[in-house]
Amino acid sequence: MMGDRKIINLEDGWSFMQNGIEKLRKILEDDAQEPFTPEEYINLYTTIYNMCTQKPPHDFSQQLYERYREAFNAYIISDVLPALREKQGEYMLKELVKRWDNHKIMVRWLSRFFNYLDRYYIQRHNLAQLKDVGMLCFRDLVYSELKKNVKDAVLALVDKERDGEQIDRALVKNILGIFVEMGMGGMEAYEQDFEAHLLTNTAAFYSRKASVWIDEDSCPDYLVKAEDCLKREKERVGHYLHASSESKLLKEVEKEVLAAYETQLLEKEHSGCAVLLRDDKTEDLARMFRLFKRIPAGLPPVADIFKKHVEKEGVTLVKQAEDAAGAKKDPGAKDKAAAAAASTEQVFVRSVIQLHDKYLQYVIDCFSNDSLFHRALKEAFEVFCNKGVAGSTSAELLATFCDKLLQKGSSEKLSDEEVETTLEKVVKLLAYISDKDLFAEFYRKKLSRRLLFDRSANDDHERSILTKLKTQCGAQFTSKMEGMVTDLQIAKDNQKEFEKWLDDDDTRRPKMEFGVTVLTTGFWPTYKFTELALPEECVGCVSTFKEFYEKKLQHRKLTWIYGLGQVSMKGNFSSKPIELNINLFQAAILLLFNEQGSLKYTEIRDRLGLPDEDMARNLHSLSCAKYKLLLKEPENKSINQDDVFTYNEKFTDRMRRIKIPLPQIDDKKKVEADVDKDRRYAIDAAIVRTMKSRKVLPHQQLVLEVVQQLTKMFKPDFKIIKKRIEDLIARDYLERDKDNPNVFKYMA
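Residues numbered from 1 in each chain as written. Predicted model: local features only at pLDDT ≥ 70, side-chain atom pairs only at ≥ 80, totals over all residues. Heavy atoms only, no water.

Attention now moves to the overall build of the protein chain. Of regular secondary structure, the protein chain possesses 29 helices and 9 strands. In summary, the protein chain has a C-alpha radius of gyration of 48 Å against a globular reference of 27 Å for 748 residues, an excess of more than 25%. Out of the 748 residues belonging to the protein chain, those deemed buried represent 45%. Accessible surface computed for the protein chain: about 40,200 Å², of which carbon and sulfur atoms make up 50%. Between the mean site of the 120 positive side-chain charges and the mean site of the 123 negative ones, the protein chain shows a separation of 3 Å. (Helix = DSSP H or I, 4+ residues; strand = E, 2+ residues; numbered from the N terminus. Rg over C-alpha atoms; globule rule 2.2 N^0.38 Å. Buried < 20%, exposed > 50% of the residue type's maximum accessible area, 1.4 Å probe, protein only. Areas by Shrake-Rupley, 256 points an atom, 1.4 Å probe, with all protein chains shown as cover. Lys, Arg positive; Asp, Glu negative; His and termini not counted. Charge placed at Lys NZ, Arg CZ, Asp CG, Glu CD.)

This is the structure in structure tokens:
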């Protein structure tokens, strides 16, 4: 059959194809031209097919492939380029879009006519496909000539839009689509021929704008404009730019508008970051955070200003507390009454809590919980939370605050929920205090008083704060305190057993009611043991309890701390009897006056066996303070060894029950001494623990590792660490290296 087919010459066949191509050009130029009929399409396709399938030398595949390219070039040179060259600006862009659309139609139709080339000849010879050849013709002849003018025209339209004018966004989108398609599957053409110039243009545009704004606008107004610019540029990408341009475009805006002027903006005299913090401009601060987060290293300067501001406010609180404490001590101060009305410590700690609440909320709301600002807040609070107020350390103030809060009859009338919330906030503040061990010791002292003298308002709150402290500082921090709470519960159970034991045999019961609280020495603060010749009424009580306890626990030794004893007794006065709530020493003194109306100081001391220090305090409380149960000769406010005391039979009071307090002892120095002692043990243990695991260590590294271990509880002094190392060398725990005295070895 193939042999019967008539041979088509190259020129004859191409002449027929040219007629088809000419018709296609007319269709593209004139919408009134009739489209191809199916018969015409088949004839054109068949002609190419036949010319490609003829036997050599009549197989014209190569010539047809070349003439396919020439057909495009001829069309572009004769029709497309002249139409584009005669137009400028937006009109040129519209013509280019039209010509590009026509060109794509032409490529689609011609590639169909010449389809047989694509299927066999092109694949065998590894040539560019027909569709790509058509595109390359447009790129090489039209795009390469006009790309600069097109780019300039598009950038002019973008500038117009940035200045507030309306532009034909669809036109720009179509033009930029041509840049993308000219990359033939890649983005090089778009990026090199348009995007790079857009970015340069954008940087210049916003550099001009920002240089005007920085002089005219306040910091908040400038940032509003900056945010608006970024929003509009992002929208511009959505309207007509390629999606890949978004991050690059915004980066240019951020660089020119934000990064270039960050320092000037933050430090603006009447509207900078510090002023916004001072005036609580939370919305402006949130915007500042959002914007400066976008630029490299944009947030640290903001966080630094935030830190300095919080630190300044905290230091102001410390100074106010110092001034209030000074006013309280100054009897001539005008606001003495106000100063006395509220405890300085309570007001200070409450103010610090409020300050922390306020700026923690700033970190959450304005600074999106950013870790940089959490750290800034922590560092700021660490500065002023470790300053003393009126001679008291922050650790002591915090412990005192908790004590007042948890006591019965607290001046702060708070609901259970409010107490819980306040305790949680106090524990958060503790994280900023370096001497946590000092807080623990003060807190333990005050907790012991609340527990022993039944001053605690709520057992649940006591357990709750211990749980919070345990979570914050670890189990070791609260182990003794938890032991105290448990101890007291065991003591109550023990007292019930004792009562039952007394009920079992009435002969055992002493003449008066009494209770004993048995404590475990290791948990509680160290109490001074004071010898006392017990009044006859109390001797039987002690011996009865000893008998009970020794039967129950044979190998436990009881040490009686008489100084903590509480007594309720009736005082018979001429006007009326009054119930007295006093300590055991006061009771022992008063009971002596049942036998004699007057006693000398020395007689009381000899009969009770009390040290002078305790004698002076207790006699002062009974004869020189508010309630004068004893009259003193001579009448003055000091207790001396030649004083004579007489029972004041005429004493009276409007109350039927009175509590006679002792003058307060400032045990601050003792607490601090105990803590220093514990610290020495802790440093020793840390040194030995480190050396035991490392065996050999240089001095500097040993010190650093010890500090790292101990810093959670307190900041160890380098000089003390050095002393402890020397002490451990003397005690043969460590030795210096013979060749290098700065290196230590562990001695097993």
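Following the structure, the description resumes.
Moving on: the nonpolar core. By size, the foremost hydrophobic cluster in this structure holds 90 residues, and its most contacted members are Phe292, Phe306, Phe381 and Tyr443. Each residue touching Tyr443, except ones within four places of it in the same chain, is listed here: Ala399, Cys402, Leu406, Arg450, Glu462, Ile465, Leu466 and Met481. By size, the runner-up hydrophobic cluster in this structure holds 67 residues, among which are Met106, Leu171, Leu176 and Phe194. (Core = buried A, V, L, I, M, F, W, Y, C linked by side-chain atoms within 4.5 Å. Contact = heavy atoms within 4.5 Å.)

Now for the sheet that holds strand β2 (residues 577–583). One open sheet holds the 3 strands; their spatial order is β1-β2-β6, and the pairing between them is mixed. The sheet terminates laterally at β1 (566–572) and β6 (657–659), the two strands that pair on one side only. Neighbour to neighbour, the strand axes of the sheet diverge by 25° on average, direction disregarded. Pairing of β2 with β6 involves 3 bridges; the strand directions are parallel. Opposite Asn581, over in β6, you have Lys659 as the bridge partner. Relative to the sheet, helix α24 (residues 584–592) contacts β1 and β2, its axis offset from that of β2 by approximately 130°. (Pairing = 2+ DSSP bridges. Axes fitted to C-alpha atoms, helices over the stretch in contact; angles between N-to-C directions.)

Interhelical geometry of helix α3 (residues 61–85) versus helix α5 (residues 115–125) gives an angle of 115° and a closest axis separation of 11 Å. For α3 against α5, the interelement crossing comes out left-handed. Packed against α3, whose contacting residues are Ser61, Gln62, Leu64 and Tyr65, the element α5 presents Leu117, Tyr121 and Ile122 at the interface. Tallied by class, residues from the contact of α3 with α5 come to 5 nonpolar, 2 polar and no charged. (Left-handed = near helix turned anticlockwise from the far one by under 90°. Nonpolar A, V, L, I, M, F, W, Y, C, P; charged D, E, K, R; others polar.)

In spatial order, the strands read β7-β9-β8; together these 3 strands make up an open sheet with antiparallel pairing. Bordering the open sheet on either side are β7 (696–698) and β8 (734–736), each of which pairs with just one other strand. In this sheet, neighbouring strand axes are inclined to one another by 30° on average, regardless of whether the strands run parallel or antiparallel. Taken together, the 3 bridges between β7 and strand β9 (residues 743–746) define a ladder with antiparallel strand orientation. Each residue of the ladder has a partner; that of Leu697, found in β9, is Phe744. Strand contacts of helix α28 (residues 699–710): β7 and β9, with the helix running at about 95° to β7, the strand carrying the most contacts.

Right, let's get into the packing of helix α20 (residues 436–452) against helix α27 (residues 668–694). Contact geometry of α20 with α27 gives a least axis separation of 10 Å together with a crossing angle of 130°. The angle between α20 and α27 places the two elements in the oblique class. Where α20 crosses over α27, the two elements pack in a sense that is right-handed. On the side of α20, the interface is formed by Asp437, Leu438, Glu441, Phe442 and Lys445, while α27 contributes Lys668, Lys670, Val671, Glu672, Asp674, Val675, Asp678 and Arg679. Residue classes in the contact of α20 with α27 are distributed as 4 nonpolar, no polar and 9 charged. (Parallel < 35°, antiparallel > 145°, perpendicular 65-115°, else oblique.)

Pairing between strand β3 (residues 598–600) and strand β5 (residues 644–647): 3 bridges, direction antiparallel. Residue pairing across strands places Ser598 opposite Thr646, the latter belonging to β5. Across 4 bridges, strand β4 (residues 630–633) lies against β5 in antiparallel orientation. Its bridge partner lying in β5, Lys632 is registered against Phe645.

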